[in-house]
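# Structure assessment
Read off the chains here:
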Amino acid sequence: MIINHVYKDATAFVWGSPEITPWKSLSVKYGDLHKLDPRIVGTIISIESNGDPGARGKYAPVGEVGLMQVVPGENPGFEGRPSVSELLVPEKNVSEGTKILKGDFDALKDMRRALMAYNWGLGNVLANPEAVDTPSEYISRFSQAWKRLWDDDLPWEAWPEVEKIVELSWARLYPAEI
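Residues numbered from 1 in each chain as written. Predicted model: local features only at pLDDT ≥ 70, side-chain atom pairs only at ≥ 80, totals over all residues. Heavy atoms only, no water.

Counted according to the given criterion, the structure contains 3 aromatic pairs. With a centroid separation of 5.0 Å and an interplanar angle of 75 degrees, the aromatic rings of Trp15 and Trp150 are classed as edge-to-face. With Trp15 in the loop between helix H1 (2-8) and helix H2 (24-33) and Trp150 in helix H9 (residues 137-150), this pair connects stretches of sequence that are 135 residues apart. The class for Trp15 is buried, based on a relative accessible area of 6%. Of the residues examined, Trp150 reaches a relative accessible area of 1% and is grouped as buried. Feature note: the residues Trp15, Phe142, Trp146 and Trp150 constitute an aromatic cluster, connected by ring pairs. (Phe/Tyr/Trp six-rings, centres within 6.5 Å; stacked < 30°, edge-to-face > 60°. Helix = DSSP H or I, 4+ residues; strand = E, 2+ residues; numbered from the N terminus. Buried < 20%, exposed > 50% of the residue type's maximum accessible area, 1.4 Å probe, protein only.)

Have a look at this one:
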């Protein structure tokens with residue numbers, strides 16, 4: 001059964017893209033810790049920072065930081081999150097980014113919506129559920145990056161958006177229900 005094969009050893013997948021290869025061990029470590037497919041973590045690193053641990057965003061007042069473009073604690077409403085300097089450390093950034101994504105997934109029980117919440121903020125997704133069902137530029141970028149990074153491993157063309165990722169993530173989180 002492919003669902004079980006996918007999650008038995010994420011390291012078996014080819015991590016050949018230069019922007020994510022250096023971050024494979026962190027993607028696997030924190031993906032496994034938070035029970036997320038490490039390839040999702042790698043894909044987010046690709047689209048958020050192109051693998052640049054010093055990447056800085058421009059949307060939050062202080063700006064998103066690092067590999068997974070995490071909003072730091074210096075921003076109003078994000079107190080308690082790591083600081084800019086902490087988030088520039090790749091391990092801390094991937095740890096925090098996967099923790100946020102896992103929280104979004106736990107709250108929404110849907111990986112597509114969790115990805116939108118990761119990009120747009122959980123509060124925005126909860127306050128605007130109708131917007132989540134419309135085409136999303138972020139989901140499109142995620143889908144394109146996923147296909148580019150993992151096309152040899154799974155038949156992306158047969159999947160509408162990321163619904164198959166949702167199914168696989170549920171299988172990993174709740175194997176007794178599958």
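Another point: unusual backbone geometry. For Lys35, which is not glycine, the phi dihedral falls at a positive 55 degrees. Along the polypeptide, Lys35 turns up in the loop between H2 and helix H3 (38-49). Even without glycine at this site, Lys109 takes up a positive phi of about 55 degrees. In this structure, Lys109 sits in the loop between helix H5 (90-108) and helix H6 (111-120). Lys109 gets classed as partly exposed once you look at its relative accessible area, which sits at 39%.

To continue, consider the pattern of salt bridges. The tally for this structure, following the rule as stated, stands at 7 salt bridges. Its salt-bridge partner being Asp37, residue Arg39 comes within 2.6 Å of it at the nearest N-O pair. Asp37 gets classed as buried once you look at its relative accessible area, which sits at 2%. (Salt bridge = Lys/Arg side-chain N within 4 Å of Asp/Glu carboxyl O.)

With that out of the way, let us pick up the nonpolar core. Residues Ile44, Leu101 and Leu115 are the most contacted members of the largest nonpolar core, which totals 38 residues. Contributing elements (two or more residues each) for this core: H2, H3, helix H4 (84-87), H5, H6 and H9. For Ile44, the contacting residues outside a window of four places in its chain are Ser49, Leu67, Met68, Leu101, Leu115, Tyr118, Tyr138 and Phe142. (Core = buried A, V, L, I, M, F, W, Y, C linked by side-chain atoms within 4.5 Å. Contact = heavy atoms within 4.5 Å.)

Structurally, Glu48 is set in helix H3. Although Glu48 lies buried, it forms no salt bridge, and the closest oppositely charged side chain, Arg141, sits 5.6 Å away as judged by the N-O distance. Engagement of the side chain of Glu48 in a polar contact is seen with the side chain of Tyr138, the distance being 2.8 Å. When residues no more than four places from it in sequence are discounted, the contact partners of Glu48 are Leu67, Met68, Gln69, Tyr118, Asn119, Tyr138 and Arg141. (Lys, Arg positive; Asp, Glu negative; His and termini not counted. Polar contact = N/O pair within 3.5 Å; in protein donor to acceptor, adjacent residues only side chain to side chain.)

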